[in-house]
Amino acid sequence: MKEKLIERFIRYAKIDTQSDFTSNTTPSTQKQFDLLHVLKDELADIGLTDITLDENGYLFATLPANTDKDVPTIGFLAHVDTTTDFTGTNVNPQRIDNYDGQDIPLNDEVTMSVAYFPNLKNYVGQTLITTDGTTLLGADDKAGIAEIITAMEYLVEHPEIKHGKIRVAFTPDEEIGRGPHKFDVEAFNADFAYTMDGGPLGELQYESFNAAGVKVTTYGTSVHPGSAKNKMVNATTMAIKFQNHMPVDEVPEKTEGYEGFIHLMSFTGRIEKAEMSYIIRDHDREKFEVKKAHMLDVEKLIKAEYGEHAIQVEIEDQYYNMGEKIEKVMEIVDIAKEAMHKLDITPIIEPIRGGTDGSQLSFMGLPTPNIFAGGENMHGKFEYVSAETMEKATQVILEIIQLFEQK
């Protein structure tokens, strides 16, 4: 199983599937289809049925039940796109067998050091797949794809393992927050699902942020600075005043766990016009709403000083804490925990400090917790994944499926 996982993952990782938040199409990049078509053929070769790939890049397939028991239909999902944060072109994965716990030279100029990345010590003796120091790796989430397909293949090859109907889905554009936007929950027709999209061994997540995106635009009047008194209105100055009203301690670099934040993502400005992009995150819905209200209150302050048309604050909710929906069906989390315990894996149950397709899907009627896929240092040139962790994730999938059939 381990060698199959390695072969699949490396093959998938070499296919450029980077999404593009500036695009208005679905998928946001056509190159995501390059991997989707490969996966479609592979699912057919394995023996899955009801395989569909729609024009928006959603690939669904079925492993039919082989039991007479009344078993819920379980889904397993992973996304094909890679992040916009770092290049995913010409990925050249490197394999390190029996890792010795020392610094890893990725190329002549880039070394992944244990001092900076102490988690490397957790993988002594294991097989690591790393980058060559020039691209990301794509374990987020091609590790998850490899695990799901390998688990389905194992079940086909071992019909003595009884299971209910299994649905799998590979989806686009998760990294830009649009993964579930055109996901047909009714057509997928599962009772619940799991995303294989987490990090290190044992991660099991069913709580996420409430999330919103904010665009702040200020408008000024440009006048020659030599004769600007009582005439010039500086949009950049206005924008800085707005930012100065944001809470200084509620930012990503000062928060952890359940703590939320307001994060200034970008700032561009000239005298006539300035633009700022923010994200708001909080696990607590009430605190989330307070953060949004604060930004609107600051907008009013700027308008009171500079005029009604001086500033525009646009807030758009992106997703909500999936825990609100999953807490009503906690048995799906309990089964995942039991599966991990049976495999001597200690579940690490923490809130997701980021986005996941499960957040939106849970509110669309498909409760979807998140399970580890194995990646570390994701979204950059120091990304790596352990083959042993991928194997454990595959075993968790198989164990979950068996436990539901045995209930």
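Residues numbered from 1 in each chain as written. Predicted model: local features only at pLDDT ≥ 70, side-chain atom pairs only at ≥ 80, totals over all residues. Heavy atoms only, no water.

J.: Is there a simple way to think about the overall build of the protein chain in this case?
T.: Counting secondary structure elements, the protein chain contains 10 helices and 18 strands. For 407 residues, the compact-globule formula gives about 22 Å, and the C-alpha radius of gyration of the protein chain, at 23 Å, lands near that figure. Along the first, second and third principal axes, the C-alpha set of the protein chain runs to 85 × 50 × 40 Å. Across the 407 residues of the protein chain, 54% fall into the buried class. Taking the intrachain contacts of the protein chain between residues at least 6 apart in sequence as the baseline, contacts between residues at least 24 apart amount to 79%. Put simply, the protein chain shows about 17900 Å² of open surface, and 47% of that area lies on carbon and sulfur atoms. In the protein chain, 38 positive and 68 negative side-chain charges are present, and the distance between their average locations comes to 4 Å. (Helix = DSSP H or I, 4+ residues; strand = E, 2+ residues; numbered from the N terminus. Rg over C-alpha atoms; globule rule 2.2 N^0.38 Å. Buried < 20%, exposed > 50% of the residue type's maximum accessible area, 1.4 Å probe, protein only. Contact = heavy atoms within 4.5 Å. Areas by Shrake-Rupley, 256 points an atom, 1.4 Å probe, with all protein chains shown as cover. Lys, Arg positive; Asp, Glu negative; His and termini not counted. Charge placed at Lys NZ, Arg CZ, Asp CG, Glu CD.)

J.: Hey, could you run me through the layout of surface pockets in this one?
T.: Summary: where empty space remains is shown by rolling a probe the size of a single water molecule over the atoms. Here the largest pocket defines a volume of roughly 1900 Å³. Glu175, Gly177, Ile279, Arg281 and Gly355 are, among the 50 residues lining the largest pocket, the residues nearest its centre. Looking at the lining of the largest pocket, the elements that each hand over two or more residues are strand S9 (192–198), strand S10 (203–205), strand S11 (210–219), strand S12 (261–269), strand S13 (273–282), strand S14 (311–319) and helix H9 (357–363). Considering each element in turn, the lining of the largest pocket owes the most residues, 6 residues, to S14. A volume near 170 Å³ is recorded for the second largest pocket. The wall of the second largest pocket is formed by Asn119, Asn122, Tyr123, Gln126, Pro200, Leu201, Glu376, Glu388, Thr389 and Lys392. Looking at which element gives the most residues to the lining of the second largest pocket, the answer is helix H10 (residues 387–406), with 3 residues. Of the residues in the lining of the second largest pocket, the class split is 3 nonpolar, 4 polar and 3 charged. (1 Å grid on protein atoms, 1.4 Å probe; cavity = no way out; pocket = protein on both sides within 12 Å on 5 of 7 lines; lining within 4 Å. Points joined across faces, edges and corners; volume = space filled by probe spheres on them. Nonpolar A, V, L, I, M, F, W, Y, C, P; charged D, E, K, R; others polar.)

J.: Mind showing me how you'd approach the packing of helix H3 (residues 139–157) against H10 here?
T.: Angle between the axes and distance between the axes are the two parameters that describe a pair of packed helices. One can describe the packing of H3 onto H10 by two numbers: an axis separation of 9 Å at closest approach and a directional angle of 50°. Here H10 runs oblique to H3, going by the angle between their axes. For the pair H3 and H10, the sense of crossing is right-handed. When H3 is examined against H10, the residues Ala143, Glu147, Ile148, Thr150, Ala151, Met152, Tyr154 and Leu155 are found in contact with a partner set consisting of Met390, Ala393, Thr394, Ile397, Leu398 and Ile401. For the contact of H3 with H10, the per-class residue count stands at 11 nonpolar, 2 polar and 1 charged. (Axes fitted to C-alpha atoms, helices over the stretch in contact; angles between N-to-C directions. Parallel < 35°, antiparallel > 145°, perpendicular 65-115°, else oblique. Left-handed = near helix turned anticlockwise from the far one by under 90°.)

J.: For this particular structure, what's the right way to read the packing of aromatic side chains?
T.: Each aromatic ring pair is specified by the distance between its two centres and by the angle formed by the two planes. Under the definition given, this model contains 13 aromatic pairs. When the centroid spacing of 5.7 Å and the interplanar angle of 25° are considered together, the rings of Phe76 and Tyr194 count as stacked. Here Phe76 is found in strand S3 (residues 74–79), whereas its partner Tyr194 is found in strand S9, with 118 residues between them in sequence. For the pair formed by Phe76 and Tyr194, the shared burial category is buried. These aromatic residues form a ring-pair network of at least three members: Tyr58, Phe60, Phe183 and Phe188. (Phe/Tyr/Trp six-rings, centres within 6.5 Å; stacked < 30°, edge-to-face > 60°.)

J.: Help me understand empty space enclosed by the protein in this model?
T.: Inspection of every chain in the model, using the stated rule, returns 1 cavity of 30 Å³ or more. Its boundaries defined by the atoms lining it, the largest cavity holds a volume of some 30 Å³. Around the largest cavity, the lining residues are Leu77, Ala78, His79, Asp141, Thr171, Thr195, Asp197 and Asp357. Of all the elements in the fold, those that place two or more residues in the lining of the largest cavity are S3 and S9. The element contributing the most residues to the lining of the largest cavity is S3, with 3 residues. Residues of the lining of the largest cavity, tallied by class, amount to 2 nonpolar, 3 polar and 3 charged.

J.: Looking at this model, I keep getting lost on the sheet that holds S3. Mind explaining?
T.: Think of a sheet as strands paired side by side through backbone hydrogen bonds, with each pair either parallel or antiparallel. The 8 strands are arranged S1-S2-S8-S3-S9-S16-S10-S15 in an open sheet whose pairing can be described as mixed. Each of the sheet's edge strands pairs with one partner strand only, and the pair in question is strand S1 (49–53) and strand S15 (348–349). Bridge count between strand S2 (residues 59–63) and strand S8 (residues 166–171): 5 bridges; the pairing is antiparallel. Bridge pairing links Ala61 to Val168 in S8. Contacting S2, S3, S8, S9 and strand S16 (370–372), H3 crosses the sheet at an angle of about 145° to S3. (Pairing = 2+ DSSP bridges.)

J.: Before we go on, may I ask you to explain the sheet that holds strand S18 (residues 384–386) in this structure?
T.: Overall, antiparallel pairing links the 4 strands, which are arranged S4-S7-S18-S17 in an open sheet. Edge strands, defined here as strands with exactly one partner in the open sheet, are strand S4 (94–96) and strand S17 (375–376). Relative to S18, S17 runs antiparallel, the two sharing 2 bridges. Note on S18: the bridge partner recorded for Glu376 is Tyr384. Across the sheet, helix H1 (residues 2–13) touches S4, strand S7 (128–130) and S18, and the angle it forms with S7 is around 5°.

Geometric descriptors of this kind do not, in isolation, establish any biological role.
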